[in-house]
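# Observations on the model geometry
Now for the letters of each chain:
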Amino acid sequence: MAMMDLLKADDIKKALDAFAVAGSFDHRTFFELVGMRAMEADSVNKVFQALDVDASGFIEEEELKFVLKGFSEDGRDLTDAETKRFLNAADKDGDGKIGMDGMEAGGFETDVSVPFFGGLGVRCSHH
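None of these values were measured; they are calculated from a predicted model.

### Comments concerning the UniProt feature "binding site: Ca(2+) 2" (unreviewed entry) in the chain
UniProt tags Asp-91, Asp-93, Asp-95 and Lys-97 as "binding site: Ca(2+) 2" (unreviewed entry). With respect to the element layout, Asp-91 can be found in the loop between helix H7 (80-90) and strand S2 (97-99). Classification of Asp-93 by relative accessible area gives exposed; the value is 59%.

Below, the structure written as structure tokens:
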């Protein structure tokens, strides 16, 4: 599924433009700008799956570097420092990858948040 099926093209462009300069990426602001705060859990899962290029169930560091390209082919690669900072913020169990099954409640403003999206307040429910 393409990101354009899940998010508004204008929101994606606005978010990519905001972080066009290398070293400027902030994952929380980016995901807010693309409209993920208002998304249902099912849609968040679909975004995760779209970014999980190898369909392993995890976003590994190699995939994370190209996360902006997952939203648009015009997206730039994250710098190594941006990638590490993003991974460190989202990898709550320290295994070097980010998985949807690692949802946790601790420290976020909602009952259950998705660590990959950095505690954006995206509500998720267990089914």
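Now that the structure has been shown, we can carry on.
### A short note on the side chain of Thr-83
Summarising the element assignment, Thr-83 is placed in helix H7. You can call Thr-83 buried: its relative accessible area is 2%. When near neighbours in sequence (up to four residues on either side) are disregarded, Thr-83 contacts Glu-61, Leu-64, Lys-65 and Leu-78.

Conventions used here
- Residues numbered from 1 in each chain as written.
- Predicted model: local features only at pLDDT ≥ 70, side-chain atom pairs only at ≥ 80, totals over all residues.
- Heavy atoms only, no water.
- UniProt positions renumbered as here; feature names shortened; annotations may be inferred.
- Helix = DSSP H or I, 4+ residues; strand = E, 2+ residues; numbered from the N terminus.
- Buried < 20%, exposed > 50% of the residue type's maximum accessible area, 1.4 Å probe, protein only.
- Contact = heavy atoms within 4.5 Å.

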